[in-house]
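A closer look at the structure
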Amino acid sequence: MPGKKISPHPAIAQLQCNSLANLVQTEIERLILAGDLPSGAKLTESTLADQLGVSRGPIREAFRMLEEAGLVRTEKNRGVFVRDIPIDEAMQIFEVRAAMDLYVGRKLAQSLNTTQVKELRQLVDAMDQAVKTENAQDYHRFNLKFHDRLLELAGNDKLLATYRKLVNELSLFRRQNLTKESMAIYSREHRQIVKAIAAGDADAAGQAMFQHVMNSRDRTLRNHEQKLAESAATSTAASRQPALA
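In what follows, the accompanying structure is described. Computed from a predicted structure; not experimentally measured.

How each quantity is defined
- Residue positions are given per chain, counted from 1 along the sequence in the order it is written.
- Local features in this predicted model are restricted to residues whose pLDDT is 70 or higher, and side-chain atom pairs enter the listing and the counts only when it is 80 or higher, whereas totals over whole chains, interfaces and linings include all residues.
- Water and hydrogen atoms were dropped before computing side-chain values, which therefore reflect all heavy atoms in the structure.
- Each helix is a run of DSSP H or I of at least 4 residues and each strand a run of E of at least 2, with the numbering of both proceeding from the N terminus.
- Partly exposed residues are those whose accessible area sits between 20% and 50% of the maximum for their type, while under 20% is buried and over 50% is exposed, using a 1.4 Å probe and protein chains only.
- The contact definition used throughout considers only heavy atoms, calling two residues in contact when any of these lie within 4.5 Å.
- With residues, only the protein chains shown are counted as cover, and all accessible areas are computed by Shrake-Rupley using a 1.4 Å probe.
- Note on aromatic contacts: the rings of Phe and Tyr and the six-membered ring of Trp form a pair at centre separations within 6.5 Å, being stacked when their planes are under 30 degrees apart, edge-to-face when over 60 apart, and tilted otherwise.
- Look at NZ for Lys and CZ for Arg. If either is within 6 Å of the ring centre and within 35 degrees of the ring normal, a charge sits over the ring.
- In this analysis, the expected span of each helix is defined as 1.5 Å times one less than the number of residues it contains.
- Side-chain atoms within 4.5 Å are what join buried Ala, Val, Leu, Ile, Met, Phe, Trp, Tyr and Cys residues into a set we call a nonpolar core.

Notes on the overall build of the protein chain
What the protein chain contains, in helices and strands, is 9 helices and 3 strands. The helix and strand sequence of the protein chain, counted from the amino end, reads α-β-α-α-β-β-α-α-α-α-α-α. Per-residue burial for the protein chain yields a buried fraction of 40% across its 245 residues. Expressed as a percentage of contacts within the protein chain between residues at least 6 apart in sequence, the contacts between residues at least 24 apart total 72%. Surface accessibility of the protein chain: about 14,300 Å² in total, with carbon and sulfur atoms responsible for 52%.

With respect to the packing of aromatic side chains
For the coordinates displayed, the defined rule picks out 0 aromatic pairs. Sitting over the ring of F142, R141 keeps its end group 4.6 Å from the ring centre.

What about helix 3 (residues 56–68)?
Because each turn of an α-helix spans 3.6 residues, side chains separated by three or four positions end up pointing in the same direction. Relative to the 18 Å expected for 13 residues at 1.5 Å per residue, helix 3 spans 19 Å between its end C-alpha atoms, a close match to the ideal helical length. Buried within helix 3 we find P58, I59, A62, F63, M65 and L66. G70, located one to two residues past helix 3, shows a positive phi value of around 85 degrees.

Structural notes on the nonpolar core
Ranked by size, the top nonpolar core spans 48 residues in total, and within it L108, Y139, F146, L150 and I197 carry the most contacts. Secondary-structure elements contributing two or more residues to this core are helix 4 (87–109), helix 5 (114–132), helix 6 (136–153), helix 7 (157–176), helix 8 (180–198) and helix 9 (202–239). Per-element tally for this core: the top contributor is helix 4, with 10 residues. If near-sequence neighbours (up to four positions away) are discounted, I197 is found in contact with G105, L108, A109, L112, V117, L150 and A205. Counting 19 residues, the second-largest nonpolar core is a separate cluster that includes L31, L66, L71 and V72.

Quick look at the structure:
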């Protein structure tokens, strides 16, 4: 006679649900950062549940965590959407990041050991290789890891948590900035950062990290303005087309 099915203890069931929600959050975050779920896209519980092979509970919890991370927004009576950061807000986020990185660069130049500097150089080497093969996906992955590791090495958990939230909010802008030319420029700036840190030059390291973020800010603004101009030109050209009989 088959044994009676035993339901898990409520605490275990809750733990299982939380663990699954974390996995779901990671996957949805990956889809957003990769651009598979573009900014402004509506996220539907049932669709994602079917796609990921889970119930709606973990999807709902993942939405809550993604909203806290700044990647999605919830609109009453409308649903959950991938956040579409206005350009003015993006500029402000870049400026906050630049101020944070100024502090981090100075601190790392005064505290990192040879092994830690070597780790950073290896990440820069990996990005250089991605530039040579024109692999924007690999470059983006190593770039995120490089900057995240810089903040980890600063040893301030509150700063790291704030940084990660800001990075998530800027992720779509930053991914769109990656071209063959910009990746090469970023890599040179990364080498300058590591060189200053390795030399123990706090002023140079802080300034290198600050300027790196501000350069990214300026590039983001130029790209945005170029897209607006292209969109306006397309609209003007379309309006001049003769009407069909």
